[in-house]
Amino acid sequence: MLGKSAIRSVFIGVVLVLFVSFAFVYVMGRIAVDSSRRLAYQRAVLLDFNRFLSSVKDAETGQRGYLLTGDERYLEPYRQAKAVVRQESAALLRLAAEGALARDQVARLNSLSEEKFVELERTIDLRRSGGLDQALELVKGGSGKALMDRIRAEVDRMALSETRELEDAAATADSTSTLRTAATALTFLFNLLFLSWAYRRLSRETKSREEALLETSRQKELISTTLSSIGDGVIVTDAGGRITFLNAEAERLTGWNHSEAAGRPLPEVFRIVNEQTRRALENPVDKILRQGNVVGLENHTVLISRTGSEAPIDDSVAPIRQPGAALFGVVLVFRDVTRQRHAEEARARLAAIVESSGDAIVTVDMDGIVQTWNEGARTLFGYEPAEIIGHPASVLFPLGQAAEVAANLERLREGSPSEQRQGMLRSKTGQRVPVLSTLSPLRNVEGRLTGASVILRDITPIVAAQETLARGHHELERLVDERTTSLREMIDELQHVSYAISHDMRAPLRAMGTFAQMLFEDAQAGGLSAEMIDYCRRIVIGAGRLDALINDALNYTQAVLQHLPLEPVNLSTLLRGLLDTYPNFHPDKADIRVEGDLAVVLGNESLLTQCFSNLLGNAVKFVAPGVRPIVRVRSEAKDGSARIWVEDNGIGIPRNSQSRLFGMFQKLDTTYEGRGVGLAIVRKVVERMGGKVGVESEPGKGSRFWVDLPLATVAA
Amino acid sequence: MIRPVLAAEDEESDAVILARVFLRAQVPNPLIVVRDGQDAIDYLGGVGAYADRSAHPLPALLLLDLKMPRVSGFEVLTWLSSRPELKELPAVVLSSSTHQSDIDRALQLGARGYHIKPQALDRFVELAKGLRSRWLQPR
């Protein structure tokens with residue numbers, strides 16, 4: 001594409017060429033005209049020569065006629081020719097004066113013709129005066145003929161030179177006209193070429209201008225659409241700072257809509273202050289006008305919208321100018337950085353957490369190369385970030401375990417869930433560092449695995465504590481073992497004691513009782529006073545009571561010390577057995593009713609027998625004199641346990657005594673035979689089976705004992 | 001002649017009581033009491049002082065206390081089970097121990113019965129009558 005100046009040069013060139021060719025043609029024309037004029041002139045000159053020569057001849061011819069005939073008539077053409085020659089001579093002289101003919105030639109010719117006419121006059125005169133013979137004598141002398149030949153030669157010489165000049169002029173006229181034609185043709189051709197170039201050039205220009213126009217409108221459309229839809233706020237002002245355009249985001253941020261804002265000065269719509277100082281900031285348009293180039297706002301700029309809400313923004317302002325022209329507007333692009341600010345804050349917070357964390361937080365890429373290294377890592381392992389970032393993380397592993405890194409990454413790749421592991425790592429100085437590590441995958445935005453973050457907690461104190469704990473545990477176990485052994489020994493001892501009681505202590509008692517009995521029986525046969533016999537009886541009774549006491553104590557220690565497994569026990573069956581076995585529970589002594597099926601509980605048959613035989617025994621024992629005992633046994637289920645009620649119509653128990661009821665050797669009523677051991681045994685065995693026992697009672701209104709025991713079905 | 005009842009009993013009182021009870025229960029067999037298990041074994045084996053079988057005939061019933069000096073009742077039972085010639089001799093335990101473990105062990109070792117020594121005289125007499133009818137009635 002040619003520039004405008006080039007096009008101008010082309011035009012100037014073409015004009016110059018046209019001028020030159022015109023001048024050339026003009027000059028050629030002039031030369032041609034000159035030549036043809038000269039040609040005509042030469043022709044006229046040649047004609048003059050011919051007329052001159054032929055007139056001389058005519059004059060000679062008239063002279064000859066007269067000489068021969070003597071007729072005066074023949075002198076007429078002679079005279080005429082003589083006049084013509086005189087005319088022609090004058091003409092030739094004129095031409096010579098004009099410089100067209102050589103002056104000496106003309107003079108020679110004229111003198112020759114004068115001589116001729118003189119000769120002719122003499123001959124004529126001789127004929128008239130002398131006759132024919134004299135005249136002829138003169139002619140025969142040949143001077144006339146010689147003159148004539150000289151004239152003819154002179155004319156021929158002059159004609160020859162004139163003819164040569166004529167040919168010259170003709171040649172000149174010929175060549176100039178050829179040149180002119182050629183120049184004209186060339187100029188025409190040149191013009192034609194120029195015209196066709198100019199046409200092509202013009203049509204191309206028109207086409208591109210149309211396309212440019214179309215493109216411009218398309219771009220305008222595109223820019224308008226783009227500006228409306230981009231996330232940045234865009235405000236355009238004219239050179240005076242009045243708003244001409246406001247896009248959707250700018251509308252949102254300023255709270256002004258386009259039609260309201262149009263034409264207003266920028267500061268009215270775009271109110272900005274410094275976030276910290278609250279100082280109003282310079283109108284960016286003024287700044288542009290002052291500086292003339294793109295400017296940015298200072299940091300911490302806050303845009304206050306029409307409604308008073310604020311948004312932190314960052315922005316740039318650019319002047320709008322046409323190339324080389326003065327500024328005719330300003331475009332202001334700004335962005336709500338609230339979210340960016342939040343993201344930055346969050347990132348900063350996270351970074352601070354990572355940096356200030358007491359744990360070592362390290363990231364590695366999938367090749368196991370360390371990417372980040374926080375302060376905790378520096379403290380724990382002793383490597384400066386610059387020393388280890390970019391190096392394989394395997395240096396942190398004890399020698400021979402470098403493959404651990406790859407193995408861990410492989411697990412991540414396989415998608416194993418991250419888990420905490422305990423391990424041993426190595427510090428820069430080669431010290432072993434026990435750590436608890438959590439390995440988590442790092443993924444990029446597409447979710448592709450790019451590496452791993454590793455949180456490493458120094459568990460040296462924990463390990464130490466664990467060791468201490470383990471030692472303590474060990475010590476404790478040893479102590480427990482020791483104590484258990486001594487306790488077991490003590491229990492064995494106790495069992496031995498109880499065995500001794502049952503065997504050794506009862507033996508002398510048996511001796512006392514039996515011998516007193518024997519004495520008593522023998523005394524009845526005579527020999528002892530009634531008083532002595534009574535003493536014997538008392539010894540027998542005392543021994544019996546002591547024996548019973550020892551028996552109870554034995555039962556109690558057995559209830560406490562015996563190891564008894566727990567198993568499902570059907571209480572209905574157990575109770576039926578009890579009622580059959582004990583004579584006191586037979587229908588002739590008491591009315592004992594078991595209501596419905598009792599629960600199947602988790603317990604021990606022997607303990608349960610002790611429990612219910614005691615409860616039933618009490619129930620039938622503690623009744624007012626003469627009252628037939630009525631006992632009701634029933635069970636109810638209650639949250640996985642069974643409550644068994646034993647209700648009697650006995651004398652009842654005062655409220656203030658109920659708390660003492662289940663104590664050892666607690667006797668509430670001395671009128672009844674008993675040693676205050678039964679309920680203590682009941683409580684002990686029930687507790688040993690994981691149950692509870694209690695009573696609801698009032699004096700005179702009977703007692704309701706309850707026993708809670710776990711249900712067998714629940715345990716099973 | 002009626003074969004005796006051999007009782008191994010270290011408690012002298014119990015021995016006296018036993019004699020009286022046998023009398024009251026009208027047990028016809030004479031009662032021979034040895035002081036411990038070792039003596040019982042010696043007697044049954046005809047060893048030492050008991051070598052003379054005519055003076056110390058084999059008993060029709062052996063009553064064993066369990067807890068005795070030197071050799072216990074259990075050991076006597078064990079020894080007895082190793083003597084086929086004494087297979088016919090019924091050994092019955094008469095002890096103050098109420099422990100089920102003692103009862104189980106004695107029966108396991110070959111005791112034909114286990115009786116807890118009654119504290120009251122008349123109950124003791126009842127027991128003796130039971131022994132007489134069970135083990136000592138002439139065939």
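Keep in mind it's a predicted model, so treat the numbers as computed, not measured. (Residues numbered from 1 in each chain as written. Chains lettered and ligands numbered in written order. Predicted model: local features only at pLDDT ≥ 70, side-chain atom pairs only at ≥ 80, totals over all residues. Heavy atoms only, no water.)

K.L.:
Requested: an account of the side chain of B:Glu9, with residues and values cited.
P.N.:
Residue and element names in this part refer to chain B. Among the secondary structure elements, Glu9 is positioned in the loop between strand E1 (5–8) and helix H1 (12–24). Looking at Glu9, the relative accessible area reads 6%, which means it is buried. The residues touching Glu9, leaving out its near neighbours within four places in the chain, are Asp14, Ala15, Val33, Val34, Arg35, Asp65, Met68 and Lys117. (Helix = DSSP H or I, 4+ residues; strand = E, 2+ residues; numbered from the N terminus. Buried < 20%, exposed > 50% of the residue type's maximum accessible area, 1.4 Å probe, protein only. Contact = heavy atoms within 4.5 Å.)

K.L.:
Which residues make up a nonpolar patch on the surface, and what are the values?
P.N.:
All names here are of chain A. A contiguous nonpolar patch, built from Phe22, Tyr26, Val27 and Ile31 and spanning about 400 Å² of accessible area, is present on the exposed surface. Position of Ile31 relative to the elements: it lies in helix H1 (residues 4–69). Using a relative accessible area of 30% as the deciding quantity, one classes Ile31 as partly exposed. (Patch = residues over 30% accessible without salt bridge, like charges linked within 9 Å, V, L, I, M, F, W, Y side chains within 5 Å. Areas by Shrake-Rupley, 256 points an atom, 1.4 Å probe, with all protein chains shown as cover. Salt bridge = Lys/Arg side-chain N within 4 Å of Asp/Glu carboxyl O.)

K.L.:
Describe the pairing of strand E17 (residues 641–648) of chain A, and please don't skip the residues or the numbers.
P.N.:
All names here are of chain A. In terms of burial, E17 is largely enclosed, as eight of its eight residues are buried. Burial of the side chains of E17 extends over both faces: Ser641, Arg643, Trp645 and Glu647 are buried on one face and Ala642, Ile644, Val646 and Asp648 on the other. Two elements, strand E16 (residues 630–638) and E17, share eight bridges in a ladder whose sense is antiparallel. Bridge pairing in E17 links Val631 to Asp648. Between the antiparallel neighbours E16 and E17 lie two residues, among them Asp639 with a positive phi of about 50°. In this structure, E17 lies alongside strand E19 (residues 703–710), joined through seven bridges in antiparallel fashion. Considered in E19, the bridge of Ser641 is made with Pro710. (Pairing = 2+ DSSP bridges.)

K.L.:
Report on empty space enclosed by the protein, specifying residues and quantitative values.
P.N.:
Residues and elements named next belong to chain B. This structure, assessed with the given rule, holds one cavity of 30 Å³ or more. Roughly 70 Å³ of internal volume is contained in the largest cavity. Ala7, Ala8, Glu9, Asp14, Leu18, Leu63, Leu64, Asp65, Leu94, Lys117 and Phe124 together form the lining of the largest cavity. Considered class by class, the residues forming the lining of the largest cavity number seven nonpolar, no polar and four charged. (1 Å grid on protein atoms, 1.4 Å probe; cavity = no way out; pocket = protein on both sides within 12 Å on 5 of 7 lines; lining within 4 Å. Points joined across faces, edges and corners; volume = space filled by probe spheres on them. Nonpolar A, V, L, I, M, F, W, Y, C, P; charged D, E, K, R; others polar.)

K.L.:
Tell me what's going on with the pairing of strand E18 (residues 692–697) of chain A, and back it up with residues and numbers.
P.N.:
Remember that side chains alternate between the two faces of the sheet whenever the strand is regular. All names here are of chain A. With six bridges connecting them, E18 and E19 associate as antiparallel partners. Bridging across to E19, Ser697 finds its partner in Ser703. As consecutive antiparallel partners, E18 and E19 are separated by five residues, and within that stretch Gly700 has a phi angle of approximately 85°, a positive value.

K.L.:
Kindly report on helix H4 (residues 100–108) of chain B, identifying the contributing residues and their values.
P.N.:
All names here are of chain B. When we look at burial in H4, the residues that qualify are Asp102, Ile103 and Ala106. For H4, the arc enclosing every buried residue in end-on projection is 100°, short of the 170-degree limit, so these residues lie on one face. Looking one or two residues beyond H4, the residue adopting positive phi is Gly110, at roughly 115°. (Arc of directions from axis to C-beta.)

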